[in-house]
Amino acid sequence: MMSTPATVDERWMQHALALAARAEREDDEIPVGAVLVSAEGDVLGEGWNRNITEHDPTAHAEIVAMRQAGMRLGNHRLLGSTLYVTLEPCAMCAMAMVHARVARVVYGATDPKTGAAGSVFDLLADPRHNHRVDVTGGVLGDEAGARLTAYFRAKRARPRDG
């Protein structure tokens, strides 16, 4: 039996959600995970938010995955790839995808504050760019959103240091 694109997207989003869980469990980072997959279905790079851990404002899950893929491929162009990420990309990550020539992004939860894949900004489809990224949003979005909501709720409930 052949897989439909929806089931393939859900399978890879489950992988991204597992990475998001690691962000929270291992690094106490905002639980966002990303996996970059080649046109042939191979993992090129993966990661989760590491900006607090690495003291790096650019270390979002998508950037971590794309950096890993670029090193693996020995190329800054990630042609034909699909990036699966649990939260709608921000402007920084969206523009990095444009520059890397990522073919497609699939995200889980929308980001009503800083989303740049159609909710607040629509950078990936902007005709002024020399490359556009196809966007599929809302894949396992309820699960991804619930994980983020629970994380922030728990953070607000904890007493603050100092």
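Residues numbered from 1 in each chain as written. Predicted model: local features only at pLDDT ≥ 70, side-chain atom pairs only at ≥ 80, totals over all residues. Heavy atoms only, no water.

## Looking at the sheet that holds strand S1 (residues 33-37)
Strands in a sheet are paired, the pairing made by backbone hydrogen bonds, and the direction either parallel or antiparallel.
Now for step 1: What the five strands build is an open sheet, ordered S2-S1-S3-S4-S5; its pairing is mixed. Looking at strand neighbours, the two that pair on one side only are strand S2 (43-48) and strand S5 (134-136), the edges of this open sheet. Here the strands of the sheet are splayed against their neighbours by 15° on average, with no regard to which way each runs.
Now for step 2: Where S1 lies against S2, five bridges are found, and the strand directions are antiparallel. Directly across from Val37, in S2, lies its bridge partner Val43.
Now for step 3: Contacting S1, S2 and strand S3 (82-87), helix H2 (residues 61-73) crosses the sheet at an angle of about 150° to S2. (Pairing = 2+ DSSP bridges. Helix = DSSP H or I, 4+ residues; strand = E, 2+ residues; numbered from the N terminus. Axes fitted to C-alpha atoms, helices over the stretch in contact; angles between N-to-C directions. Contact = heavy atoms within 4.5 Å.)

## Side note on the nonpolar core
Now for step 1: Core analysis: the biggest nonpolar cluster contains 42 residues, and Leu83, Met97, Val102 and Leu124 have the highest contact counts within it.
Now for step 2: Listed by contribution, the elements that provide at least two residues to this core are helix H1 (5-27), S1, S2, H2, S3, helix H3 (91-100), strand S4 (104-109) and helix H4 (141-157).
Now for step 3: Looking at this core element by element, the count peaks at six residues for H1.
Now for step 4: Among all residues touching Leu83, those that are not within four sequence positions of it are Ala34, Val35, Leu36, Glu62, Ala65, Met97, Val102, Arg104, Val105 and Val106. (Core = buried A, V, L, I, M, F, W, Y, C linked by side-chain atoms within 4.5 Å. Buried < 20%, exposed > 50% of the residue type's maximum accessible area, 1.4 Å probe, protein only.)

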